Amino acid sequence: MFTLEDGKRVASKSRLTILLAASLFVAMSLTATGVSLAFPVSHRGSVVITAPNSNAGNAQNIPPINAPTGSCPAPSFSPPTNYPVGDAPSSVTSADFNNDGNLDLAVVNNTPGTVSVLLGNGMGGFVSAGDFPVGTAPSDVTSADFNHDGNADLAVARAGSTPDNVSVVLGNGMGGFGPPTLMVAGTLPARVRVGDFNEDGHPDIVFSNVNSDNVSLFLGNGMGGFSPPTNFPAGSRPLGIRVGDFNEDGNLDIVVSNNVNPSSISVLLGNGMGGFAPPTSYPSGQDTGPLDIGDFNEDGHLDVAVSSGSAIAVLLGNGSGGFGAPTEYPTGGVSSSIVARDFTLDGHLDLASANVIPPEVAVTVQAGNGAGGFAAPVVFPAGFLSSSIQAGDFNEDGGLDLAVSNSGDDNVSVLLNNCQPATTSTPTATTPTAISTVTPTSTPATNTATQTATPTSTAAATSTATSSTPAPVTATATRTVAPPTATIAPPTATACTVSFTDVPPSNTFYANIRCLACRGILGGYSDGTFRPNNDITRGQIAKVVSNAAGFNESPGTQIYEDVPASNTFYVWINRLSRRGHMGGYNCGGAGEPCGTDNKPYFRPNANATRGQLAKIVASAAQITGTPTGQRYADVEPDSTFYVWIEQLSALGVMGGYACGRPSEPCDDQNRPYFRPSNNVTRGQASKIVANTFFPGCETP
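Small disclaimer: the values here were computed from a predicted structure and weren't measured. Residue positions are counted from 1 within each chain, in the order its sequence is given. In keeping with the model being predicted, local features are shown solely for residues with a pLDDT of at least 70 and side-chain atom pairs are shown and tallied solely at 80 or more, while totals for entire chains, interfaces and linings include all residues. Values shown for side chains rest on all heavy atoms present in the structure; no hydrogens or waters enter the calculation.

Caption draft 1: Region of the structure containing the state of the cysteines. Disulfide assignment relies on a single distance test, namely cysteine sulfur atoms paired within 2.5 Å. Per the stated rule, a full pass over the model turns up five disulfides. A sulfur-sulfur separation of 1.9 Å characterises the disulfide bridge that pairs Cys 496 with Cys 518. Judged by the sign of its S-S torsion, about -90°, the bond between Cys 496 and Cys 518 is left-handed. With Cys 496 in the loop between β33 (478–479) and α3 (510–517) and Cys 518 in the loop between α3 and α4 (538–549), this pair connects stretches of sequence that are 22 residues apart. For Cys 518, a relative accessible area of 11% corresponds to the buried category. Across the disulfide from Cys 587 sits Cys 594; the S-S distance is 2.0 Å. The S-S bond linking Cys 587 to Cys 594 shows a torsion near 95°; that makes this disulfide right-handed. Numbering of helices and strands starts at the N terminus; helices are DSSP runs of H or I of at least 4 residues and strands are runs of E of at least 2. Accessibility here uses a 1.4 Å probe with only protein chains present; expressed as a share of the type maximum, an area under 20% marks a residue as buried, one over 50% as exposed, and anything in between as partly exposed.

Here you go:
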């Protein structure tokens, strides 16, 4: 596979041919030899998306933790532990693929056209779950829940394959994947990202096409299927791609790196309906390739970090979709992949790079100063021809670790972070008190339908109609229980230091998320993100509502067949269920066999709907009031969640969507629509819970 030359490993010509077929190329001219080669690159990192799942993992199934505090003087990682995968691995991503609460790895292998799944044990170790076909010559992979079943799926760019050059594989929730669905994008689709570009609640997929100078957008239908692609111009030889709201209008935009000289990045501003304006380009250095985004100078606007030769160029965003001149920070190597995270736990974003050359500079980490600048790189070993890098808390100690795919060694290196948080924010412990046991009852049959209903827009709701006033609802709602004070520690006079890289002050839900996070009611993910646009699950909402209500009693014995005591959300699910605020589903349905005692199923990983959340929150907060009118066109008085929806709407906690869309015609009163069967995002849930339990919440 490799030969020795002057004591160093060099790739044979045949091996380089294989690596070139990995399909994502950073063209580099080796002037010393007069040979022009290309090396596979990959870039994983944080994104701000409105899809149900982000690339760093399946948000439905990774239990959130509170953002760590404390700091380390410099980046520090343990020596790598290597895990074998397939031939010529080109890209790695992480998610909880078997729904056990631990981060796993998925690595696409170029030569066999497979994905190797490595299941994490939560202590930094991994075991193989096997290889699964994804289609020939995969070059990049990302994860999302495309069919809303609570399991992480994969989208794969396959730049070395024609004509069907992209694919989607659906996860089974046990670490395995079904056969690939093959689709056709542009020419040489190099990289892939996920976002909800038309704001219908379903994850869409976008690919950067190097040789056709455009991006291909596939709109998802929420069932694992996608529309034919729509192509948008995107600069010259677009390579790296990221998704974020760069002009802060609430719609997702796209940024790509253009691999020509002089190099540039191009920004495509989205309109929220699946369309994009023509690209605007900004200079970014030379030989640009992988990139990542984040608020590097902490001004509330998204910035861009992109490779530029043997450096990383940082372009600061202005919040209007524009970017300033690049400032370069040397890395000592040619980056194949960049990820922006807080590795030193000082509250500032750092940059970690996987480098294809030289081999002795496999991984570099540069500490950020919070003002947009970065320190000199600290070098860490990995494998040969490192092609992709992924961050995640693989040993669950609060510090972000690294996983690096090595195309030359056919393995993945895991580097555990030696920097650990000094403290973590947790709810104040109190002595449990006993309550009378209430036998849970199954959710009514109509509620079962809401579990499988198609979600739609995650746009901010409005409670007003478009042209005339709807018939009034003649009831008012009142709270009969005060916000908890005994079990949830309020913030002190000292300013709360909890923050999330994807929730800047300009975010719609910033104040609500901060209100709950600073009180220990909810937290973010191990990579420093909150993922406000990800769907929230029934298990997660049980935890948030139970904590917000201050419930602290013993959870008692197991209620649900699928929620054993080892389940991440066992305590909170049992507390709400014993109080009658949540219920389960009768056993005996598909995939839910009855046990010896016929326990019902809770479905903790299923997405929570707007109607369900209204019931859970209003019930737990003891909201009272009997409505007699109809506020929403799609919530009639005999609807399952009518009472709770009207109660929260009367308090101004929840609202609706103006009528007039093709599927939501206006009636004679122009009543808005509530969309009770839509999934609820983490940001939306934060707002509803905060406004219900902590009205007027102020957090220092």
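Caption draft 2: How the structure looks around the pairing of strand β24 (residues 311–315). Extensive coverage of β24 is indicated by the burial of five of its five residues. Of the two faces of β24, both are covered, the one formed by Ala 311, Ala 313 and Leu 315 as well as the one formed by Ile 312 and Val 314. We treat two strands as partners when DSSP finds at least two bridges between them. Judged from the five bridges that link them, strand β23 (residues 303–308) and β24 form a sheet pairing that is antiparallel. Among the inter-strand pairings, Ala 305 is bridged to a residue of β24, identified as Val 314. Between β23 and β24, which pair antiparallel in sequence order, lie two residues; one of them, Gly 309, sits at a positive phi of approximately 65°. As judged from the four bridges shared by β24 and strand β25 (residues 327–330), these two strands associate in the antiparallel manner. If you follow Ile 312 over to β25, its bridge partner there is Tyr 329.

Caption draft 3: Inspection of the environment of Pro 75 at higher detail. Considering the arrangement of structural elements, one finds Pro 75 in the loop between β4 (35–40) and β5 (81–84). The spacing of Pro 75 and Ala 367 is 292 residues in sequence and 6.9 Å in space, taken between C-alpha atoms. Beyond its immediate chain neighbours, meaning those up to four positions away, Pro 75 contacts Thr 344, Val 365, Ala 367, Val 378 and Phe 380. We call two residues in contact when some of their heavy atoms are within 4.5 Å.

Caption draft 4: Main features of α4. One less than the residue count of a helix, multiplied by 1.5 Å, gives the span that helix is expected to have. Compared with the 16 Å implied by 1.5 Å per residue over twelve residues, the 16 Å span of α4 between its first and last C-alpha is a close match. The element α4 is extensively covered by neighbouring structure, given that twelve of its twelve residues are classed as buried. All of the buried residues in α4 are Arg 538, Gly 539, Gln 540, Ile 541, Ala 542, Lys 543, Val 544, Val 545, Ser 546, Asn 547, Ala 548 and Ala 549. Gly 550 sits one or two residues past α4 and shows a positive phi near 80°.

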